[in-house]
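# Fold and geometry: a report
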Amino acid sequence: MFRFLLTRTPIFSRKLIESQNAGIIRSISAVARNPEEVANVQKLIKIAIIGVPNSGKSTLINKIVNHRICPTSSKVHTTRTASRAVVNKKGAQMIFYDTPGLVTTHEIKKHHLETSFSSASRHSIQHSNIIGVVHDVSNHWTRNQLPQMVLETLKCYSHIPSFLVLNKIDMLRSKRILLELVDTLTMNCIEGVVQKDIKEPQKDGEKTSGWKKFSNIFMVSALTGDGLQDIQNFLLTRAKISPWEFADGTNTDQSSETLIQDTVRARLLDFLPQEIPYNLHTQLEYFNQTGGTIYASVQITCPSPRIEKLVCGEADGKLTQITERVSSDLVETFRLPVSITISTCTPRPQYLLKGERGDPAEAIKVQIMAMLGVHVFCTQQQQRRIHLRAGYKFNSGIQLGVSSVLAVTICAWVTKRNRVVKSLCVLKHPKSKTWKNARCGYN
């Protein structure tokens, strides 16, 4: 080969070609002597992890990357926005997209969820190379079929390869159930090929219980870490040669402030019952990292004083437990000493008078003056026409008295011609325990 190049090339460029060929030969021989250099080529793979709420997606990602990146709790809808977790192994960078649980539009309206719940998963899938479907096998009622939202998502992105993860196998007493689930959820097909000596399950009408195009199936326990090594080895074989998107040592694309707020919110979901933690709002008031220690202060806004007492507990005992748990979680996340304080507050009362946002006493004075104005400027007939009707919640938070009926006019506009007064009043019914907002009616 080299003789052919030398004979067909002019004499003045023979020396240049000889030097180039010698350099290529030396590089090839060096790689042959050091095959480890081939492994140093950067590889990249992006994985979108999808599934229904509380199926174990975030726990699975945290175990694979060996880092607490994604917030986890025992309640649903812990993950509100999509985030990325990064891990580098054997020259390949794996980027996991942690997505919110797949929900229907009816569930979004019912639970007052963000609109990003429906778009975050699709956006992550569009930027990924493979889809990982996490299915909870511990739920006896839903484990025999894939959720309809998952099937619809897989159909929309059928051109992207996918694999199935049967999670929470540690909660099954009989492992024989797993084999039946694999046949049902894959419809006895791997990558669209029907397995031999196995009958294809019958379809229930037009609805299907599984997906035929899964590339592989894994039985794991994200909580204990059992079976996760098989997923890593599978993903490493699917990685393609490509430059890394994140520098070595980067674990997530989320900021430190966001990680702190998500961790506090996740622990509130664990410690507080029912729907109470979903109505709380967390805000980071202070964040600083000095001398290798992270200092932070988070404020929890409660909708009412009653909820605030429930969050704090007796003698602030529950709030102390939440703070200690959050601190230990953040130490695992940042792997640095963390000093965090968590406080609670209730929103300031919004008085019904415009411009009166400071002193409640001043608001009461103005209301009493307006009430007197009704009796001064209105005739007796007009006063009889003004009546109070209860039925609207009074949200000012001002305790105006203990009398059975207390009417306070908020504003009065008196016209010179007919001296008609429009007013908005407050009423406490004798049998009612809450303040009511009443309107003045005119017959």
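Rules used in this analysis
- Residues numbered from 1 in each chain as written.
- Predicted model: local features only at pLDDT ≥ 70, side-chain atom pairs only at ≥ 80, totals over all residues.
- Heavy atoms only, no water.
- Helix = DSSP H or I, 4+ residues; strand = E, 2+ residues; numbered from the N terminus.
- Buried < 20%, exposed > 50% of the residue type's maximum accessible area, 1.4 Å probe, protein only.
- Contact = heavy atoms within 4.5 Å.
- Areas by Shrake-Rupley, 256 points an atom, 1.4 Å probe, with all protein chains shown as cover.
- pLDDT = per-residue confidence, 0-100.
- Axes fitted to C-alpha atoms, helices over the stretch in contact; angles between N-to-C directions.
- Parallel < 35°, antiparallel > 145°, perpendicular 65-115°, else oblique.
- Nonpolar A, V, L, I, M, F, W, Y, C, P; charged D, E, K, R; others polar.
- Arc of directions from axis to C-beta.
- Pairing = 2+ DSSP bridges.
- Phe/Tyr/Trp six-rings, centres within 6.5 Å; stacked < 30°, edge-to-face > 60°.
- Polar contact = N/O pair within 3.5 Å; in protein donor to acceptor, adjacent residues only side chain to side chain.
- Left-handed = near helix turned anticlockwise from the far one by under 90°.

Regarding its fold elements, the protein chain presents 14 helices and 16 strands. For the protein chain, with 443 residues in total, the buried portion stands at 41%. The contacts in the protein chain between residues at least 6 apart in sequence include a share of 66% that link residues at least 24 apart. Of the roughly 26,100 Å² of accessible surface on the protein chain, 53% is carried by carbon and sulfur atoms.

It is worth spelling out the confidence of the model for the protein chain at this point. With 67% of its residues at a pLDDT of 70 or more, the protein chain shows a mean pLDDT of 76. Strand β4 (residues 130-136) holds the highest mean pLDDT among the elements of the protein chain, 97, whereas strand β13 (residues 387-393) holds the lowest, 35. In this model, residues 351-358 is a region of pLDDT below 50 whose contacts with residues beyond four sequence positions or in other chains number 19 contacts. When the criterion is pLDDT under 50, residues 381-443 qualifies, and its contacts beyond four places in sequence or with other chains add up to 130 contacts.

In the contact formed by helix α4 (residues 57-65) and helix α9 (residues 228-238), the axes pass within 10 Å of each other and the chain directions differ by 75°. By the angle class used here, α4 and α9 are roughly perpendicular. Residues Leu60, Lys63 and Ile64 of α4 pack against Leu228, Ile231 and Gln232 of α9. Broken down by class, the residue content of the contact of α4 with α9 amounts to four nonpolar, one polar and one charged.

Here we take up helix α11 (residues 305-312). Within α11, burial applies to Ile307, Glu308, Val311 and Cys312. Taken down its axis, α11 places every buried residue within 135° of arc, on the same side. Looking at α11, the residues exposed on the side facing more than 90 degrees away from the buried face are Arg306 and Lys309. Taken from the residues just after α11, Gly313 is the one with a positive phi, measuring 80°.

A separate point is the pairing of strand β1 (residues 43-50). Among the eight residues of β1, seven are classified as buried, and the element is accordingly described as predominantly covered. One ladder, built from two bridges, connects β1 with strand β9 (residues 240-241); its direction is antiparallel. Looking across to β9, one finds that Leu44 is bridged to Lys240. Examined bridge by bridge, β1 and strand β3 (residues 92-98) share seven bridges and lie parallel to one another. What sits directly across from Ile47, in β3, is Phe96. Pairing of β1 with β4, which is carried by four bridges, proceeds in the parallel orientation. Directly across from Ala48, in β4, lies its bridge partner Ile131.

Under the defined criterion, the tally for this structure stands at three aromatic pairs. Taken together, Phe163, Phe218 and Phe234 form an aromatic cluster joined through their ring pairs.

This brings us to the side chain of Ser58. By secondary structure assignment, the location of Ser58 is in helix α4. In terms of polar contacts, Ser58 uses its side chain to reach the side chain of Thr79, at 3.1 Å. Setting aside residues up to four positions removed in sequence, Ser58 forms contacts with Cys70, Pro71, Thr72, Thr79 and Asp98.

The next point concerns the packing of helix α10 (residues 256-271) against helix α12 (residues 317-334). Between α10 and α12, the shortest axis-to-axis distance is 9 Å and the interhelical angle comes to 135°. The orientation of α10 with respect to α12, classified from their angle, is oblique. Considering only the axes of α10 and α12, their crossing is right-handed. Across the interface between the two elements, Ser256, Leu259, Ile260, Thr263, Val264, Arg267, Leu268 and Phe271 of α10 pack against Lys318, Gln321, Ile322, Arg325, Val326, Asp329, Leu330, Thr333 and Phe334 of α12. For the contact of α10 with α12, the class distribution of residues is nine nonpolar, four polar and four charged.

Strand order in the open sheet formed by three strands is β10-β11-β12, and the pairing between neighbours is mixed. Edge strands, defined here as strands with exactly one partner in the open sheet, are β10 (281-290) and β12 (338-345). Neighbouring strand axes in the sheet, compared pairwise and without regard to direction, differ in orientation by 15° on average. Pairing between strand β11 (residues 293-301) and β12: eight bridges, direction parallel. Within β12, the position partnered with Ser297 by the bridge is Thr341. Together, β10, β11 and β12 form the strand contacts of α10, whose direction differs from that of β10 by roughly 135°. Across the sheet, α12 is in contact with β11 and β12; its angle to β12 comes to roughly 140°.

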